[in-house]
Amino acid sequence: MKILVAVKRVIDYNVQIRVKEDGSGVNTENVKMSTNPPDDNAIEEAVKLKEAGKAKEIVAVTIGEEKAQETVRKALAVGADRGIHVKSESYIEPLGIAKILKKIVEKEKPDIVFLGKQAIDDDCNQTGQMLAALLSWPQGTFASKIEHKDKVIKVTREVDEGLETIEINLPAVITCDLRLNEPRFASLPNIMKAKKKPIEQFNAKDLGVDITNRIHQIKVEEPPKRKGGVKVSSVAELVSKLKNEAKVI
Amino acid sequence: MPILLIAEHDNSSLKAFTLNAITAASKIDQEINVLVVGNKCESVAKEVAAVPLVKKILHVESPNYENFLAENLAPLIVKVSEPYTHIIASANTFGKNFMPRVSALLDISQISDVIKINNSEEFLRPIYAGNAFATVKSSDKKKCITIRPTSFDAAPKSGGSASIEKIEATETPNISKFIKKEEVKSERPELGTARIVISGGRGMQSGENFKLINSIADKLNAAVGASRAAVDAGYIGNDHQVGQTGKVVVPDLYIAVGISGAIQHLAGMKESKIIVAINKDGEAPIFSIADYGLEADLFEALPQFLDELNKLNTIQK
């Protein structure tokens, strides 16, 4: 079995983001960047399948500026075999990303594509489902557990009411929840080894797909600030305020 | 500008968030049609027909739709969508699962998690876990939109009499199969719709200590939430998690106990009407957004809180 894992470079989840004053977006200059957190779970799950002898090869792919390669390099350091970097200097919407990934899938012919369920920058939660649609493949979204068995894969999904289990035919797209596994850290020797693993590069615009953005971002602003309230000195005062002032109990 | 809205239900009754999505849709246009797709779900079609804002129901049944598999729903929605300018669903795990699949098949760039509708083309949506708001405008002829239900009021659900049109099921690809659903049953109100939520964080120190939270929840008829730290530490199940990777809640009263206020948690609760923070660290970021902050040891404050509540006899159920 062959696995393709898609990873995205985003502002690190621990960074308090800053909205640009001109409203054109979020400041990414001199800000710590990392792999999108659930994408780490996607890589981890692929590596686990390889360790279990179920997968032969793991290919990690990213789409983005020159530095996005770092996310592929990190995937190689935790166990991916080779990388693909589709270069693009500008933002591409999830639909365009899904079209590019479809091209990569047609070339690589994986049995499973793993992605994070959502990127923590644009919070779209679309790419995996869109890729599955374009390929006419089934989708296992928000996966918190998977069991592979021959030509099918059982996926336990985190849904609002609890857990849902579905069985989908391979090939399939699976989007990973943070609860799927505990991503490992790369060891120093593996980081060194990863530097020798190959990363193939393409230009997004050479792939022959329409990646024109259809959504124009008019402005980005800070959410209305919630003004901090008062400190109360005792539980009795708190309950009194909730009852008489806020009238919520 | 006719709108197609996809109803969420369990084949016997309508899920409440559909009503919030209907309100959102009504801000775009009054011509709202609702697709009720499922198996033996006639009661749901009738329920939606009573919603005054709804003009027409498209009702379709098949055993293949019983469990709402995205692979089976998408071709149907694509087929039905032809005359509509907007396709709308709730941005919960129901809508998030199938809507991007529909969008891609229609070659439309989806707009996720809309919290405000400026006009038929322009929408406000949170990015970076709600740390920024983006105003976006779609140039697609048709729009696929998911609505954050807690940002809109629920539409009134009685008094209307929309027509119900039966339509044919489409072919399904047979590439996915439903196995089971394990719903978390609780005596308490559901986290996503509760009027009061009380949440515990890492400061609770153990799962056992959540009984302090539970007894107050019982008293206030509140839902019990938790921060990711408490869930990761194994104090409580992950279906209680409030935050960017858990549930987004907008109750009238949110009580955060032993929660420092990490960005990811704030993203899930900061739109609550009244926020109370109980934390022994006076510098905890949660205090900067709390309407009422109590700097105290929660193990002393919670029993006192319960005592004070017991003294009141006017708790609203």
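On a predicted model such as this, the values are computed, not experimentally measured, just so you know.

Engineer: Requested: an account of the overall build of chain B, with residues and values cited.
Structural biologist: Regarding its fold elements, chain B presents eight helices and 16 strands. Dimensions of chain B, computed from C-alpha atoms along their principal axes, come out at roughly 60 × 40 × 40 Å. A buried classification covers 56% of the 317 residues belonging to chain B. Put simply, 66% of the contacts in chain B that link residues at least 6 apart link residues at least 24 apart.

Engineer: Hey, could you go over the sheet that holds strand β12 (residues 215-221) of chain A for me, with residue numbers and the actual values?
Structural biologist: Hydrogen bonding along the main chain pairs the strands of a sheet, whether they run parallel or antiparallel. Taken in spatial order, the four strands make up an open sheet running β12(A)-β8(B)-β7(B)-β6(B), and their pairing is antiparallel. Each edge of the open sheet carries a strand with a single partner, namely β12 of chain A together with β6 (116-117) of chain B. Pairing geometry for β12 of chain A and strand β8 (residues 132-138) of chain B, over six bridges, is antiparallel. Opposite Gln 217 of chain A, over in β8 of chain B, you have Val 136 of chain B as the bridge partner.

Engineer: For helix α6 (residues 235-244) of chain A, give the residues involved together with the corresponding values.
Structural biologist: Owing to its 3.6 residues per turn, the α-helix aligns residues three or four sequence positions apart on the same side. Along α6 of chain A, the residues classified as buried are Val 235, Leu 238, Val 239, Lys 241 and Leu 242 of chain A. Angularly, the buried residues of α6 of chain A cover 160 degrees about the axis, an arc narrow enough to put them on a single face. Turning to α6 of chain A, the residues buried within the fold contact β13 (230-232) of chain A together with β15 (274-279), β16 (292-295) and α8 (298-311) of chain B.

Engineer: Could you give an account of the sheet that holds strand β8 (residues 152-159) of chain A, naming the residues involved and the relevant values?
Structural biologist: Spatially, ten strands are ordered β11(A)-β5(A)-β4(A)-β1(A)-β6(A)-β10(A)-β7(A)-β8(A)-β9(A)-β11(B) in an open sheet, and the strand pairing comes out mixed. Looking at which strands have only one partner, the edges of the open sheet turn out to be β11 (199-203) of chain A together with β11 (176-183) of chain B. With strand direction ignored, the average angle separating the axes of adjacent strands in the sheet is 25 degrees. As paired elements, strand β1 (residues 2-7) of chain A and strand β4 (residues 57-64) of chain A share six bridges and run parallel to each other. Bridge assignment links Ala 6 of chain A to a residue of β4 of chain A, and that residue is Val 61 of chain A. Packed onto the sheet, helix α3 (residues 94-108) of chain A meets β1, β4, β5 (82-87) and β6 (112-116) of chain A and runs at close to 155 degrees relative to β1 of chain A.

Engineer: An account of the interface of chain A and chain B is requested, with residue identities and associated values reported.
Structural biologist: Contact residues are listed per partner, giving 63 residues for chain A and 71 residues for chain B. When contributions to the side of chain A that touches chain B are tallied by element, the ones reaching two or more residues are α3, α4 (127-135), β7 (139-149), β8, β9 (162-169), β12, β13 and α6 of chain A. Here the element with the most residues in the side of chain A that touches chain B is β9 of chain A; it accounts for eight residues. Here the residues of the side of chain A that touches chain B are counted per class, giving 31 nonpolar, 14 polar and 18 charged. Here β13 of chain A pairs with β16 of chain B via three bridges, running parallel. Along β16 of chain B, the bridge assignment pairs Val 232 of chain A with Leu 294 of chain B.

Engineer: Which residues make up the confidence of the model for chain B, and what are the values?
Structural biologist: Detailed reading of the predicted model is not advised wherever pLDDT is low. Confidence in the prediction for chain B averages 94 pLDDT; 98% of positions are at 70 or higher. Interface confidence for the predicted complex, given as ipTM, is 0.94, next to a pTM of 0.91.

Engineer: Would you mind going over the nonpolar core in detail, with residue names and values included?
Structural biologist: Core analysis: the biggest nonpolar cluster contains 180 residues, and Val 5 and Ala 60 of chain A together with Leu 5 and Val 276 of chain B have the highest contact counts within it. Considering every element that reaches this core, the biggest residue donor is α3 of chain A, with seven residues.

Engineer: Please provide a residue-by-residue account of the environment of Ser 103 of chain B, values included.
Structural biologist: In this structure, Ser 103 of chain B sits in helix α4 (residues 93-105). For the pair formed by Ser 103 of chain B and Lys 247 of chain B, sequence separation is 144 residues and the distance between their alpha carbons is 24 Å.

Engineer: Tell me about unusual backbone geometry, and please be specific about residues and values.
Structural biologist: A cis amide bond links Leu 170 of chain A to the next residue, Pro 171 of chain A, at an omega of 0 degrees. Note on placement: Pro 171 of chain A falls in the loop between β9 and β10 (172-176). Its identity is not glycine, yet Gln 205 of chain B carries a phi of approximately 70 degrees, on the positive side.

Engineer: Summarise the packing of α3 of chain A against α4 of chain A; cite the residues concerned and give the values.
Structural biologist: Residue and element names in this part refer to chain A. In contact at an axis separation of 8 Å, α3 and α4 are set at 50 degrees when each is read in the N-to-C sense. Considered as vectors, α3 and α4 are oriented oblique to each other. Remark: the crossing between α3 and α4 carries right-handed chirality. On α4, the residues that touch Pro 94, Leu 95, Ile 97, Ala 98, Lys 99, Leu 101, Lys 102 and Val 105 of α3 are Thr 127, Met 130, Leu 131, Leu 134 and Leu 135. A per-class count over the contact of α3 with α4 returns ten nonpolar, one polar and two charged.

What counts, and at which threshold
- Residues numbered from 1 in each chain as written.
- Chains lettered and ligands numbered in written order.
- Predicted model: local features only at pLDDT ≥ 70, side-chain atom pairs only at ≥ 80, totals over all residues.
- Helix = DSSP H or I, 4+ residues; strand = E, 2+ residues; numbered from the N terminus.
- Buried ≥ 20, exposed ≤ 12 C-beta atoms within 10 Å, placed from the backbone.
- Contact = placed C-beta atoms within 7 Å.
- Pairing = 2+ DSSP bridges.
- Arc of directions from axis to C-beta.
- Axes fitted to C-alpha atoms, helices over the stretch in contact; angles between N-to-C directions.
- Nonpolar A, V, L, I, M, F, W, Y, C, P; charged D, E, K, R; others polar.
- pLDDT = per-residue confidence, 0-100.
- Core = buried A, V, L, I, M, F, W, Y, C linked by C-beta atoms within 7 Å.
- Parallel < 35°, antiparallel > 145°, perpendicular 65-115°, else oblique.
- Left-handed = near helix turned anticlockwise from the far one by under 90°.

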